[in-house]
Amino acid sequence: MQTSENLLWLIALPLFSSAILLLAGKRANSWGHIMGTIVSASTFTIGIIEFFAMQSRSEENRAVTQKIFTWISVGSFNVDASLLLDQLSICFVLLITGVGTLIHVYSIAYMSHDLDRRRFFAYLNLFIASMLLLVLGDSYLNLYVGWEGVGLASYLLIGFWNEKPAYATAAKKAFVANRVGDVGLSLAIMISFATFGDVSFSGMKDGVDQASSTQLTAIGLMLLLAACGKSAQFPLQSWLGDAMAGPTPVSALIHAATMVTAGVYLITRSNFVFDAAPIAQLMVLIVGGVTLLFGAIIGMAKDDIKKALAASTMSQIGYMILATGLGPIGYAFAIMHLLTHGFFKASMFLGAGSVMHGMKDEVNMRKYGGIGKFMPITFLTFGLGYLAIIGVPPFAGFYSKDKIIETALNEGGIKGLILGSATLLGAMITAFYMTRVVILTFFGNERWGHKDEPHESPALMLIPIGLLSVGSVASGYLLYKGDWLVHWLEPVVNPLKVHHKELLPPIVVSIMAVAVVLVGVSVAILKYRGEQPDKAPERVSVFTRAARKDLFQDNFNEAAFMRPGQSVVKNLLNIDHLIIDGMVRAVGSVSLSAGNKLRVVQNGYVRSYALLMVVGALALIATIWLITA
Amino acid sequence: MLTAPSLGYLLLSPMIIVFAAAVIGVLVEAFMGKTHRAAVQLTISIGALLLALVQLWRIRDLSSTTAAVNSVTIDKAGIFLQATVVVLALIAVLLIADQENFTAQASAVPGSNEEAVALLQKNQQTEIFPLFLFAVGGMMLFPVATDLITLFVALEVFSLPLYLLAGLSRRRRLLSQEAALKYFLLGAYASAFFLFGAAFLYGYAGTISLVGISSAAGSANEVFLLIGIIFVSIGLLFKISAVPFHSWTPDVYQGAPTPITAFMAACTKVAAFGALLRIFYIGFAEAQTIWQPIITVIAILTMVLGSVVAIAQRDVKRMLAYSSIAHAGFLLSGVVALSKDGLAASLFYLMAYGLTTLAAFGIIGLVRDSTGEVTDLNRWVGLGKKSPLVGSVFAFLLLSFAGIPLTSGFIGKFAIFSAAYQSGNIAIVVSGVLASAIAAFFYIRVIIMIFFTDPVNDSVSVIIPSVKSKISISVATVASLIFGVAPSWLLTSATNFATFIK
Amino acid sequence: MSLLTLVGALPLVGAALMYFIPSKNIELVKKFALLVTTLVAVASIFLAIGFDKSVTSMQFTQSNSWISAFNINFAVGLDGISLVLILLSTILVPIVVLATWHESDGGRWSVKTFYVLILILETMMIGVFAATDLFLFYVFFEAMLIPVYFLIGGYGSANRSAAAIKFLLYSLFGGLLMLASIIGVYVISGNQIGATFDLTQLATLEIDNQTENFLFLGFFIAFAIKAPLWPFHTWLPDAAKSATPGTSVLLLGVLDKVGTYGMIRFCIELFPDASKTFTPLIITLAVISIIYGAFMAIGQKDIKGLIAFTSISHFGFITMGIFAMTTQGMSGSNLYMVNHGFSTAALFLIAGWMMARRNSSIISDFGGLQRVTPVMAWSFFIAGLSGLALPGLASFVSEFLVLVGTYTRYPVAAIIGTLGIILAALYILIPIQKTLHGPVTPGNEKMTDLNLREKIAIAPVIAIIVVMGFYPKPVLDLINPTSEKVVTNAGFTDPVAEVNK
Amino acid sequence: MAVANYLYLSAILFTIGAIGVVVRRNSIVVFMCIELMLNAANLAFVTFARINGNLEGQVVAFFTMVVAACEVVVGLAIIVTIYRSRRSASVDDASLLKR
């Protein structure tokens, strides 16, 4: 395999930049954001260079590696700090650095009033570095470093305004939920080592034929758990909504476009495991299916624009996860949806940020209304994103989502039916809630009360949004055209290895998909036309209430984990004090009281001392008599 | 035709010197004026002890079973034990030389005019020196005596002066006299047991010599042997304060004048253990299956009870008394071991323990208020603040008692438990370490009181010791430290000297 | 005389030279202590430079007869494991001295006494890791208690004397059990090969099973108390709460390592069969420690108690790795000892500064420190992240090696142990949220950030934490040969991966 | 009369003495009881001398008498001093030292 000396720079540049920004402190206030952005842009440049270099090579020579140093080497456990850039990772590199750079640019303006803007850019750079390490690591352990690194960056960014206790709590919640997933990744690595004696992708891939299916299933399930944590999939989804506490660019970059899709990357990267572990694959399908509906349902009831988008993200990643469960062909479509989603969701988030910028950080859509005419460009870009996400041809989302629906249906049988229905239903709901978001925000009556009129955001914010919306329009077709992405990823995921029979002609599927979208849109228009109250209606159906409460995910976690956990802690504190330490203290006090009791024998009377001697003598005689008898 | 019994004067010379000095001391007491009497007495005592020590050095390689017909066996171990007694006595005499601990006139009724006048006129009697020398002589004789009557006589020779010395305190004379009475009555009681047992051993073996008893094994009258062993053991176990014959110890240690307690605690233990070792190693060696289990049980009981009861003590002298009981238990493991290693370990332990004990009681004598010594532990709080040096030294001594490494107590404990383990007595080793853990508690409690508790504002203070006490305490402490850090010399000597001959 | 002996003796010489410095001149005393300890650190680095990684036998050996009657030698030497632990000790001490410049000012005794005790302690710490004579080890092991006892009792905060006595009694109890076993080993060696305390010779003894089990237990309980392993842990939180932060650093960072070090050096090397017999039990205790310590840490209101309980959890990992009997577990545990030393040092030192500024150790008294004292907050944050074993920081590598190594032999234990990493997130992030985040708690507004001295003290620790996370190879290279040797000598070979069978 | 009977007598005397020490309060009486025990031992020695057919036991008896006499001297001295201080010869009164 070829080597490249550039890969390290991808990670090192933003990492150093981040370190410099953090260490320099206030001194860097004036230039920190510039440096952060330039660094991010240079990583994008490197990414582009590498991409074209890769494209120019023959297919089997495209992947390049770079060994940096021997990281851990103990006995047979050898892990190099080593990077791998192949067809799959370059997609991510471009997405991360591209979207990342745009968001850097956007943030310059968005965060311009924040005193800590420099710190914000430091975190962003840290995130870029970690995320690149995640997708470039050539072994699970290297990936793990990036994996937790992005978790840390996410934690820092969600809690960026951690003076507000709720935000700090949200950050912590995200980290802990991610850690649950990390347990999965840790265990997956451990099982991998026990199974393969190696934790690098290539090494494991070579050994996969000799591994038992039990082990592979275990690895697969653990990887899925990891993916669930990072990608906010059921049952570890609850943190994502709260994560919207972070500044909006963060929500766009980390909690929509890149980090949360790491789970999809992980499963795709581990395709050789999942392909050999059907049970794990089935679980992937179930998780994906459940989440896509779960997120969609929550999305229908959210009034907070960011939380509605977050629910949508959750749901869209559900699609991707589901796609990865569909076997070799699914991986490519999952990545395709991931890339298109990266564009349109980022664009919409930034759009939402733009709206909030214009609305003095108001996030409640019930307080919006009719913003379209005040913020035309934002409206336009958001609209493009909207069309992309609901899957209107020829926007990006159409191609990617359509392919997933099609593949799901093509599974055939009950499985195909269930998966197909789920994806179609999801598409319908998506259309509904996104339409709802658009109507509540940009159309209808103006509900912002006495506040100043909303105003359009500065160019520095609008240009990134614009570029992203271009992506949301065009990316789908570009990736789809001639199955470009499918062929591109072929060496990594072998999408063409298995030939799928087509149960339904693609065009029928597309028509079905568009039809359900139309249904969803129409219902939403019917429901939300006309005047809307500026407060959420109280008298709503049980379903709405459940959806508003995120389908009781927090209540469940609280009842199932938090409260039992707290009581365990409380009881252990008592046990530790009363029983364990108590036993120790008991030994002390028993000795002391024994001492005090025995002291009484020492009564000061000579006669009783003599008696004690006599008793002792008799005892000796008795003992000897017993021994010799 | 009668031939005069031949005596090995050279071999006996250390004892003869001490006894002679004691007799001279009596004469001095009787005929010398009060002005220089104390100094002369002290000189005689020290001189005699030094001379005895020199003699001991000169005869260190000699041995004989017939030094005094067949009654005394001078052998390596005996010489070592005698030397130990003499060295400890030398240190003790410097403490005793601080006359103001002792009543001016023992015969005077406490609180009477007579007493006050004697004090006022500095009419201090100095009978403690001859008494002390007699005791030392007896203690030297006890571990080398090889027949029952000599043992008995030696026992009485060193006990009787001690009974008297215990009653000579200047302050708290009622307590002191009570201690004397208790010590006397119980000691005599124990002697009676010893003698009765001796009679039965004689009945069993037809001879009073230890060797004879040993070689009479298999004689028909096993019962006599058993009774003999039990009763003789009682007498000896009383002297070493083994449970359940220990009750006198705390009371007497507390009541006796502190220098006497120091002397008693250190030297009696050496003498009594010396005799115990000889009797069990020589006389009863053949009957080991009988006594070993019993002594094992007694040893365990002694260490545990001594340690446990010590926890509850409020008086520092009583605490050290219980500590000495616990140490007796540890030392008994050396007896049980019944091996050269056991003997060597015991020899080392006795020296180390004796030095530490002397220094500890020496320090106790320094803590005073206007009415005399303060032994109530609650009033020792914050002593480390008042006198860091004395506090530190005492803490070090306590650590040595507790057997923390780099103290002689630890080496001793290690040696003696190794020997016990070697002989297969693992139970005693385990109980020993557990008892040490309990014991550590009360030693450390005292350290806490001294260092970590703020001093209450009372009149307790540390007096500046006289030169004699200073020498005594510092020699004992330094020796204790050296034998902890570099014990090689003493250990090697103990090993070299660890032989009893028959 | 070996360089090792010189390094070990240097602090003691320093302590003796302290005699010539007037007690009143506090600054000079402190500077001198800093100078001596820094010299020791530098000298110990020469040990590392001169250490030959390719050899698994002891290096820098020296053996002089000490107590010939028992064939006790002053025998010292280094292998990879002891070298890294000595480096840990010698590097931490000057940092502690510098970091806790004013810690001893308000103590019961003079500042000079404090530093004399610290210097004596340093000699003991070096000695305990360097001793290759069992008796010598025991002497250091026990004698070490005394300076610590006085450091806790003399300079600690509230409740110090109770904590000090608890610490001492616990340790003494364990030590005495060990003494019984040492005597046993010694006697057996006397029966078989001639009485000796030499470790390499003792390892060749043939001991019958029952005896070996008992002897093993004597050692193990002593080390389990020291380490501390559940359920022998209750002394540690009390001691850590009462001791000064600097003492706590040495206590948790170095002294407790003697326990885990002892498990390797004595339990496993001397009693391989008994180790095998007791492994299930020990692994169970270790797993309980991991989870129990973590839960207890979550419940702590006192920041020092929190760090103490996190350490109990971490010691569970270390013990688990040791008794997993795989190269990865063994090396991981060794590395963990070093990493935990530095992470805990960082946590405790910074916590100490926080507490000194606020005059409180209750977590809820802090809040919003990130605003007020950013440098301190950041340092604390990074130390905390290392505490929760974030990849890229020191603890991760070791924790992961332990888990991987354990998994290959005891998967269930490793799986349960892995749950500890979730709890770790909680026990670190909850206090971080409470102390660093949120609005500034009243009373903290005027808090000052780290001064230059404190920055200089903490910088190397943080640097080590980061570097060891990314590049643990130099240390692993030192550790690996010895770990492999220990595992092999104990009669184990690493489980072979499934696909290679 | 069988020689063994002397031994029984000796044992009885010893027992009486031993019990006497435990039950009597007057220190003089207690002391006399101890003397009784010593003499019981003497009796045993003499008896055994007879049984064993050698003189050692008889020699011991003489020694014992001498030692007992010394003991009397010391003992009475102590008892008398205490009596002078306390005006009581009861051993129970001397019980300040305890616990």
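The sections below set out a description of the structure shown in this document. None of the values given here were measured: they were computed from a predicted structure.

This part takes up the interface of chain C and chain A. Contacts between the two partners involve 64 residues from chain C, matched on the other side by 57 residues from chain A. Counting each side, the surface lost to burial between chain C and chain A is near 5100 Å², with a carbon and sulfur contribution of 71%. Put simply, chain C and chain A have three salt bridges between them. Notably, a salt bridge pairs D116(A) with R371(C), separated by 2.8 Å at the nearest N-O pair. Taken together, the connections running from chain C to chain A amount to 18 residue pairs in polar contact (both at pLDDT 80 or more).

Contact with chain D, which involves 12 residues of that partner, is made by 11 residues of chain A. The largest contributions to the chain D side of the interface with chain A come from V22(D), D92(D) and R99(D), which together make up 55% of the buried area. Linking chain D with chain A are zero salt bridges, by the criterion used here. Along the contact surface separating chain D from chain A lie zero residue pairs in polar contact (both at pLDDT 80 or more). Residues of the side of chain D that touches chain A, tallied by class, amount to six nonpolar, one polar and five charged.

We now examine the environment of A415(B). Secondary-structure assignment places A415(B) in helix α17 (residues 408–422). Looking at A415(B), the relative accessible area reads 4%, which means it is buried. Counting along the chain gives 223 residues from A415(B) to A192(B), while the straight-line C-alpha distance between them is 34 Å. The contacts of A415(B), once residues within four sequence positions are left out, are A345(B) and F70(C).

Turning to the sheet that holds strand β2 (residues 372–373) of chain B, a few remarks are in order. Residues and elements named next belong to chain B. Strand order in the open sheet made by the three strands is β2-β1-β3, with antiparallel pairing throughout. Each having just a single partner strand, β2 and β3 (461–462) make up the two edges of the open sheet. As paired strands, strand β1 (residues 367–369) and β2 are joined by two bridges and run antiparallel to one another. Note that in β2 the partner of D369 across the bridge is G372.

Here the focus is the nonpolar core. Ranked by size, the top nonpolar core spans 680 residues in total, and within it L141(A), Y189(B), F263(B) and L332(B) carry the most contacts. For this core, the element with the highest residue contribution is helix α7 (residues 173–205) of chain B, accounting for 20 residues. For F263(B), the residues in contact, after removing those within four places along its chain, are A89(B), A92(B), I96(B), F132(B), A135(B), V136(B), M139(B), L162(B), T268(B) and L358(B).

Let us now look at the pairing of strand β2 (residues 72–78) of chain C. Residues and elements named next belong to chain C. Buried residues dominate β2, accounting for six of its seven residues. Examined bridge by bridge, strand β1 (residues 59–67) and β2 share six bridges and lie antiparallel to one another. What sits directly across from Q62, in β2, is V76. Connecting the antiparallel pair β1 and β2 is a turn made up of four residues, with N71 showing a positive phi of about 55°.

Our next topic: unusual backbone geometry. With an omega of 5°, the peptide bond running from F234(A) to P235(A) counts as cis. Tracing the chain through its elements places P235(A) in the loop between α8 (213–230) and α9 (239–242). The omega torsion across W230(C) and P231(C) is 0°, close enough to zero to call that bond cis. When you line up the elements, P231(C) lands in the loop between α9 (209–226) and α10 (235–242). In this model, V69(B) sits at a positive phi of 50°, which is unusual for a non-glycine residue. Here V69(B) lies in the loop between α2 (34–58) and α3 (76–96). The class for V69(B) is partly exposed, based on a relative accessible area of 43%.

The N-to-C vectors of α7(B) and helix α2 (residues 27–52) of chain D enclose an angle of 10°; their axes lie 8 Å apart at closest approach. The orientation of α7(B) relative to α2(D) falls into the category roughly parallel. Among the residues making up the contact of α7(B) with α2(D), the classes are represented as 23 nonpolar, three polar and no charged.

In this section: the side chain of D147(B). All names here are of chain B. Looking at the element boundaries, D147 is found in the loop between α5 (128–141) and α6 (148–166). Buried and unpaired, D147 has R278 as its nearest opposite-charge partner, separated by 11 Å. Among the polar contacts listed, one links the side chain of D147 to the side chain of S71, at a separation of 2.8 Å. Of note is the side chain of D147, whose polar atom sits 2.4 Å from the side chain of T150.

Conventions and cut-offs
Residues numbered from 1 in each chain as written. Chains lettered and ligands numbered in written order. Predicted model: local features only at pLDDT ≥ 70, side-chain atom pairs only at ≥ 80, totals over all residues. Heavy atoms only, no water. Contact = heavy atoms within 4.5 Å. Buried area = accessible area lost by both parts, 1.4 Å probe. Salt bridge = Lys/Arg side-chain N within 4 Å of Asp/Glu carboxyl O. Polar contact = N/O pair within 3.5 Å; in protein donor to acceptor, adjacent residues only side chain to side chain. Nonpolar A, V, L, I, M, F, W, Y, C, P; charged D, E, K, R; others polar. Helix = DSSP H or I, 4+ residues; strand = E, 2+ residues; numbered from the N terminus. Buried < 20%, exposed > 50% of the residue type's maximum accessible area, 1.4 Å probe, protein only. Pairing = 2+ DSSP bridges. Core = buried A, V, L, I, M, F, W, Y, C linked by side-chain atoms within 4.5 Å. Axes fitted to C-alpha atoms, helices over the stretch in contact; angles between N-to-C directions. Parallel < 35°, antiparallel > 145°, perpendicular 65-115°, else oblique. Lys, Arg positive; Asp, Glu negative; His and termini not counted.

In short, shape yes, function no, at least from these values alone.
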